[in-house]
Amino acid sequence: PAPVPLSQYNAYVRACMAAKPYLNKARLSRGFGDLVVNKGMFDQLGPAVNSGKSLFLYGAPGNGKTVLAEGIGRAYGDEMFMPYAIDVDGQTITMYDPVSHQIAMSPHGAENSVVATSATDRRWERIIRPVVVVGGELTLEMLDLTFNPIARFYEAPIQMKANGGVFVVDDFGRQRIPARDLLNRWIVPLESRVDFLTLHTGRKFEIPFNVLIVFATNLRPESLADEAFLRRIPYKILAKNPTMEEYCRIFELNCQKRGMRFDPVMVEYLDRKYYQPRKIQMRACHPRDLISQVVDRCRYEDRHPVLTRALL
């Protein structure tokens, strides 16, 4: 498909920014339909997402920070359009990425699109709002244009592919480059909501920065950034350990996914036999991991998976 002019792409992204819906409790709940989230934390997520800015999700490993960030992306739920490529002064930048973008199979949303000709304009692809997740592999080079000298086109940076959606930086602080360098790269976009990219010819151009960045980390925010940067991320949300009631609910949901019968007596046994005597803190990932190992053991023994004290 032919590239879309930069001015048309910028106009579409700005229109998306203006039309992005606010999330109330009901809409946010739909994004977390299959998750058990602490009510206090849930009430913090709503205002943080509606701010349109970025947020820190921090806390002990295994409490679902990455899953929560992906749930925010699902809560938006709308469809949007993504150009296959953009033209900047005769230079082509590829945008659509089948790894980062999921094609919307239903026609809903096309009639409300800012791009009036999108139903027939094959330069654009209708996608579900993107949720792009990167981890320890993130480098500064991924945040700038990448030029292919053989094909003679650029690949858009990872945060530009997430425009209109959510960009999750998982395990923040454990990248191969210092966290401070990554944060400095985003100070201007987070403040002004625009980003600047540079072609290999030296031409610098502006694009709207319509991305909700979620920093998911096991480390405390103040250990990763100074006050000047933390001020630009007004929401820092602690992913707490589940309560006993929440742990039981998570255990039950994981049993349902595996087709196993849930028995609350087994959870009480775990708490009495292992968690309390060994002073082990409950984590949201424990039920999934324990049940997976029970299933693996039962398959090895050629029997139907079932929860027993011995297997646990």
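Scroll up a little and you will see the structure.
Residues numbered from 1 in each chain as written. Predicted model: local features only at pLDDT ≥ 70, side-chain atom pairs only at ≥ 80, totals over all residues. Heavy atoms only, no water.

Chemist: Looking at this model, I keep getting lost on the overall build of the protein chain. Mind explaining?
Modeler: A count of helices and strands for the protein chain gives 10 helices and 14 strands. Referenced to the eigenvectors of the C-alpha coordinate spread, the extents of the protein chain come out at roughly 70 × 45 × 40 Å. Across the 312 residues that make up the protein chain, the buried fraction comes to 47%. Considering only residue pairs separated by 6 or more positions, the protein chain has 73% of its internal contacts joining residues 24 or more positions apart. For the protein chain, the separation between the mean place of its 41 positive charges and that of its 34 negative charges on side chains is 4 Å. (Helix = DSSP H or I, 4+ residues; strand = E, 2+ residues; numbered from the N terminus. Buried < 20%, exposed > 50% of the residue type's maximum accessible area, 1.4 Å probe, protein only. Contact = heavy atoms within 4.5 Å. Lys, Arg positive; Asp, Glu negative; His and termini not counted. Charge placed at Lys NZ, Arg CZ, Asp CG, Glu CD.)

Chemist: How should I be thinking about the layout of surface pockets in this particular structure?
Modeler: Here the largest pocket defines a volume of roughly 690 Å³. Taken together, 29 residues make up the lining of the largest pocket; nearest its centre are Leu35, Asn63, Gly64, Val67 and Ala284. Broken down by secondary-structure element, the contributors of at least two residues to the lining of the largest pocket are α4 (65-76) and α8 (244-257). For the lining of the largest pocket, the per-class residue count stands at 12 nonpolar, eight polar and nine charged. (1 Å grid on protein atoms, 1.4 Å probe; cavity = no way out; pocket = protein on both sides within 12 Å on 5 of 7 lines; lining within 4 Å. Points joined across faces, edges and corners; volume = space filled by probe spheres on them. Nonpolar A, V, L, I, M, F, W, Y, C, P; charged D, E, K, R; others polar.)

Chemist: In this structure, what is going on with a positive patch on the surface? I would like to understand it.
Modeler: Positive charge collects at one region of the surface, where Arg272, Lys273, Arg278 and Arg309 lie side by side. Within the secondary structure, Arg272 is located in helix α9 (residues 264-278). (Patch = residues over 30% accessible without salt bridge, like charges linked within 9 Å, V, L, I, M, F, W, Y side chains within 5 Å. Areas by Shrake-Rupley, 256 points an atom, 1.4 Å probe, with all protein chains shown as cover. Salt bridge = Lys/Arg side-chain N within 4 Å of Asp/Glu carboxyl O.)

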